[in-house]
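Chain by chain, the residues run as shown.
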Amino acid sequence: MSRACGGNGGVIINVSSMAGLMPAPQQPVYTATKCGVIGFTRAMAETSKRENYGVRINTMCPAFVNTPILKTIDEEENMGKYFKDRDAIRKMMSNFGILEPAAVADGLMKIIEDETLNGAVMKITKTKGIHFEDYATGYLQEVQEVVMRKDPEEANEEVTESRKC
Ligand SMILES: NC(=O)C1=CN([C@@H]2O[C@H](COP(=O)(O)OP(=O)(O)OC[C@H]3O[C@@H](n4cnc5c(N)ncnc54)[C@H](O)[C@@H]3O)[C@@H](O)[C@H]2O)C=CC1
Ligand SMILES: CC/C=C\C[C@H](O)/C=C/C=C\C=C\C=C\C(=O)[C@@H](O)C/C=C\CCC(=O)O
């Protein structure tokens, strides 16, 4: 795909998760992999720009989406010692809501069609729909502080409030 290898350029969309932006205590390995996807995407996007690959590299961070993966928390072999904490994930699902896969498809199309997007970290949540992580303002630290301190529903309200200019 890269022009450096004779390709015509294009766009790559890596799939992370909101777990890559907010720690999921009951899924530390999953959280680590999704944080890695975000870091890798942002680094490769910068490389592609500097090396003129002609390839835009972005990532999506959906919240909970209505797919079979949600049922994996019901199986102890998937959850290991965190199986006892599965109700906490169920509570997050109930508080944050569950998106339909079409919402993720809409995000995918936006990344494909908006040629200005490179190194973007797209978030897709029930409360705010499609929006982007803003690394310029340290907002992420603010969110994690609020979210880790409060009940998810309260956190949502406080985080949304703090975003109002
Ligand atoms: N469903 C959710 O709540 C969220 C999912 N994600 C991420 O979205 C991605 C897709 O997840 P879901 O569709 O929800 O999971 P899923 O488990 O419902 O579907 C995954 C599909 O990928 C297939 N698959 C597995 N390994 C494969 C391989 N090596 N080659 C080709 N196909 C393979 C499986 O057969 C399955 O049909 C994952 O990376 C997941 O971490 C991110 C945020 C939220
Ligand atoms: C068992 C399910 C396994 C994986 C599904 C998925 O990958 C895991 C998601 C983990 C956490 C989801 C968090 C969702 C958060 C929200 O919906 C936000 O509304 C929370 C509030 C503020 C975040 C800041 C913002 O939206 O900009």
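Conventions adopted
- Residues numbered from 1 in each chain as written.
- Chains lettered and ligands numbered in written order.
- Predicted model: local features only at pLDDT ≥ 70, side-chain atom pairs only at ≥ 80, totals over all residues.
- Heavy atoms only, no water.
- Buried < 20%, exposed > 50% of the residue type's maximum accessible area, 1.4 Å probe, protein only.
- Helix = DSSP H or I, 4+ residues; strand = E, 2+ residues; numbered from the N terminus.
- Pairing = 2+ DSSP bridges.
- Core = buried A, V, L, I, M, F, W, Y, C linked by side-chain atoms within 4.5 Å.
- Contact = heavy atoms within 4.5 Å.
- Near = heavy atom within 4 Å.
- Polar contact = N/O pair within 3.5 Å; in protein donor to acceptor, adjacent residues only side chain to side chain.
- Areas by Shrake-Rupley, 256 points an atom, 1.4 Å probe, with all protein chains shown as cover.
- Nonpolar A, V, L, I, M, F, W, Y, C, P; charged D, E, K, R; others polar.

Q: With reference to specific residues and values, describe the pairing of strand β2 (residues 55-62).
A: Burial runs high along β2: 8 of the 8 residues are buried. Here β2 shows no split at all, with V55, I57, T59 and C61 on one side and R56, N58, M60 and P62 on the other all buried. For strand β1 (residues 10-15) and β2, the ladder comprises 6 bridges, and the chain directions are parallel. For G10, the partnering residue across the bridge sits in β2 and is V55.

Q: Hey, could you go over unusual backbone geometry for me, with residue numbers and the actual values?
A: One non-glycine residue, N52, lies in the positive phi region at around 55 degrees. Following the sequence through the fold, N52 ends up in the loop between α1 (28-51) and β2.

Q: Could you give me a rundown of the nonpolar core, with the residues and numbers involved?
A: Core analysis: the largest hydrophobic core is formed by 15 residues, its most contacted members being L21, C61, F64, I89 and M93. Ranked by residues supplied to this core, first place goes to helix α3 (residues 86-96) with 4 residues. Once residues lying within four places of it in the same chain are set aside, the contact partners of C61 are S16, S17, M18, L21, I38, V121, M122, K123 and I124. In this structure, I111, L117, M122 and I124 belong to the second largest nonpolar core, which totals 8 residues.

Q: Please provide a residue-by-residue account of the site of ligand 2, values included.
A: Around ligand 2, the surrounding shell holds 21 residues, and the nearest of these are S17, Y30, K123, H131 and N156. At 2.9 Å, a side-chain N or O of K123 approaches an oxygen atom of ligand 2. A distance of 3.0 Å separates an oxygen atom of ligand 2 from a polar side-chain atom of H131. Taken by itself ligand 2 offers 690 Å² of open surface, and the protein chains cover 97% of this.

Q: Describe the site of ligand 1, naming the residues involved and giving the relevant values.
A: Y30, K34, A63, V65 and T67 are the nearest of the 13 residues found near ligand 1. Here an oxygen atom of ligand 1 sits 2.7 Å away from a polar atom, N or O, in the side chain of Y30. The separation between an oxygen atom of ligand 1 and a polar side-chain atom of K34 is 2.9 Å. Notes on ligand 1: free accessible area 830 Å², of which the protein chains cover 41%. Along the lines of polarity and charge, the residues of the shell around ligand 1 split into 9 nonpolar, 3 polar and 1 charged.

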